Protein chains: 2
Amino acid sequence: MKYIQRNLLKITGLLLLVLLTACATSQPAPDPLLSWTDGPAKQQIIGFVTDVTDSNGSDFVPVSQRIATFDNDGTLWSEKPTYFQLLFIIDRVKSMAADHPEWKTTQPFQAVLENDMATLKASGEHGLIKLAMATHAGMTTQEFETIVSDWLTTARHPTTGKPYTQMVYQPMLELLDYLRANDFKTFIVSGGGLEFMRPWTEAVYGIPPDQVVGSSIETRYELRNGEPVLVRLPELHFVDDNVTKPVAINRFIGQRPILAFGNSDGDFEMLKWTTSGEGKRLGLIVHHTDAVREWAYDRESSEGRLVRGLDEADDNGWLVIDMARDWQVVYP
Amino acid sequence: MKYIQRNLLKITGLLLLVLLTACATSQPAPDPLLSWTDGPAKQQIIGFVTDVTDSNGSDFVPVSQRIATFDNDGTLWSEKPTYFQLLFIIDRVKSMAADHPEWKTTQPFQAVLENDMATLKASGEHGLIKLAMATHAGMTTQEFETIVSDWLTTARHPTTGKPYTQMVYQPMLELLDYLRANDFKTFIVSGGGLEFMRPWTEAVYGIPPDQVVGSSIETRYELRNGEPVLVRLPELHFVDDNVTKPVAINRFIGQRPILAFGNSDGDFEMLKWTTSGEGKRLGLIVHHTDAVREWAYDRESSEGRLVRGLDEADDNGWLVIDMARDWQVVYP
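Residues numbered from 1 in each chain as written. Chains lettered and ligands numbered in written order. Predicted model: local features only at pLDDT ≥ 70, side-chain atom pairs only at ≥ 80, totals over all residues. Heavy atoms only, no water.

Colleague: Mind showing me how you'd approach the sheet that holds strand E3 (residues 212–224) of chain B here?
Modeller: The strands making up a sheet are joined through hydrogen bonds of the backbone, oriented either antiparallel or parallel. Residues and elements named next belong to chain B. Strand order in the open sheet made by the seven strands is E4-E3-E2-E1-E5-E6-E7, with mixed pairing throughout. Each edge of the sheet is formed by a strand with only one pairing partner; in this case those strands are strand E4 (227–238) and strand E7 (319–322). Taken pair by pair, the neighbouring strands of this sheet meet at an average axis angle of 30 degrees, ignoring direction. Where strand E1 (residues 67–70) lies against strand E5 (residues 259–262), three bridges are found, and the strand directions are parallel. (Pairing = 2+ DSSP bridges. Helix = DSSP H or I, 4+ residues; strand = E, 2+ residues; numbered from the N terminus. Axes fitted to C-alpha atoms, helices over the stretch in contact; angles between N-to-C directions.)

This is the structure in structure tokens:
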């Protein structure tokens, strides 16, 4: 009897241990922002998240209102020597050129084929839209998704030689994870094309397609051999930049974010809209200060031009992240 | 020693019991579709959900692709004697009339003020848009949200006397919950106004604002006394109906749903788009057959007109839900 009891005791104790291990949260959580320099910026971010998630605090925000929006180019991934979507367009023009002999003598296609960046830039917004429509329209949405996915697996960045999806910022990946671990819903709100981003944002950022907001062209539903398709049309539907970012946030998300992160004056109104709401808010700007590990640019840059953001950040209470100082690591 | 052992055994056993109770999932789940008649329709829905969530089965769908879209008017809530948003417009015209003396002699406002439904209907789409713009634009998005919320707390349905948010279908609330319990993301894709729906869909359906897709008007970002606002403009941005529902699904959700539920021919293309994808799919139609508990209408109705949906459901493999037969309860 005593023998049985002793063994039962052992077995029960073992079971107890197994269950305790299974039930209990074990270790203290590791630093969620490991790639961020320990300093005021990191402290302020963690302080904000701690405050809005403290159900006993005066700054508590219910889960359903924990909306965070992120610009993409220059905020989540690099944008030099120029926007990656423009590099995609250039590659597309070159690979489509055989079917378009007229492009050899038609601008701005000719400039692309001759690697004449000066003429290409001189073609301005009108020229870029022409290139975008020629390369982004005329196929179904499914075909375009395949084109983007295929390009990303083979294309390499002109100076780093990395795949573009590895030129995302490690500290931002950690911030996205940290926010989601605290029940934030994370959104992209970018000037980039909706359907240029959606094929890869879930795998790379953990942001599903329906949480991606961006610029778009018109599409048309039609039947082909009885099967429905959505055809991409060479007609702009919406450009998501500066004053239209709050418009898009309202249309797609339907709530004002409590945190917004950008890097250029194209994000100014998104930050203003976000931080003007009631209650605790956080506006953040990536300042590209790191010519060694990434690029250094702001006021004079054609990509990610940042003037008002720098001049008015203090007055607005926005946090300017100095890449060289605040990030221990840039790329994963 | 034996005494200590015996007591330790008891304590350990008790602890084990407590932990087992805490850890284990206890009871078998109650019927998730309690208000649905036990029969082929209910079986087919449960069978579909069981199949796509069985990770060992050939029809398994990963969580990230479990997208379900629902029409609103006539699918999630009633739409008789006419669309509830039109009843909102009528109430708004009446309450705004004092500030618009010209409406007494201007159609279609005069018809609304004189309860002349024949003239109102005769004004057609053009007349309705005029009324919609007069009542839905000219204020900020925040002001409009307050107007809608206030209206819903006081307005009562003309024949049932119920608040409109209680004229939602209990079986559909159960289906939404059931799908979400199986890691579906549930969306509304409605011809109704985006910002007419968003103030209440989370509380009523458990569908957050960013998962509501609908028709919209233009908005403009501006500063008022230094504070940003979004002003609603009297200009249509997008009408979400029939062939544009797949367009909106693609633009807002960015993935093809695997389940779609509608009730009128305005949902035909959404169902076609949904069920034409690869893998297991489910298309469903509410057939309003219950003149006693709700309304009975289909081919001849000006709201929820259903002709092709009935004629082509079988060929498309869509499930037609007979309200009188398949629903034990209509309203909560």
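Colleague: What is the right way to read unusual backbone geometry from this model?
Modeller: Trans is the common state for peptide bonds, and a negative phi is the common state for residues other than glycine. All names here are of chain A. With an omega of 0 degrees, the peptide bond between Gln107 and Pro108 qualifies as cis. Here Pro108 lies in the loop between helix H3 (84–96) and helix H4 (109–113). Its identity is not glycine, yet Asp183 carries a phi of approximately 65 degrees, on the positive side.

Colleague: Quick question: what am I supposed to make of the pattern of salt bridges here?
Modeller: If charged atoms from side chains of opposite charge come close, those side chains can pair. Applying the stated criterion across every chain yields a total of 36 salt bridges over all chains. Between Lys80 of chain A and Glu303 of chain A there is a salt bridge; the shortest N-O distance is 2.8 Å. Taken together, the residues span a long stretch of sequence, with Lys80 of chain A in the loop between strand E1 (67–70) and H3 and Glu303 of chain A in the loop between strand E6 (282–287) and helix H12 (308–316) at a distance of 223 residues. The pair Lys80 of chain A / Glu303 of chain A is uniform in exposure class, with both members buried. Of the charged contacts, one joins Lys280 of chain B and Asp59 of chain B as a salt bridge, the two residues approaching to 3.9 Å between their closest N and O atoms. Highlighted residues: Lys280 of chain B in the loop between helix H11 (268–275) and strand E6 (282–287) and Asp59 of chain B in the loop between helix H2 (40–53) and E1, separated in sequence by 221 residues. Residue Asp59 of chain B is classed as partly exposed on the basis of its relative accessible area of 26%. What emerges from the salt-bridge pattern is a single network uniting Asp31, Asp38 and Lys42 of chain A. (Salt bridge = Lys/Arg side-chain N within 4 Å of Asp/Glu carboxyl O. Buried < 20%, exposed > 50% of the residue type's maximum accessible area, 1.4 Å probe, protein only.)

None of the figures reported here should be taken as evidence of function without further support.
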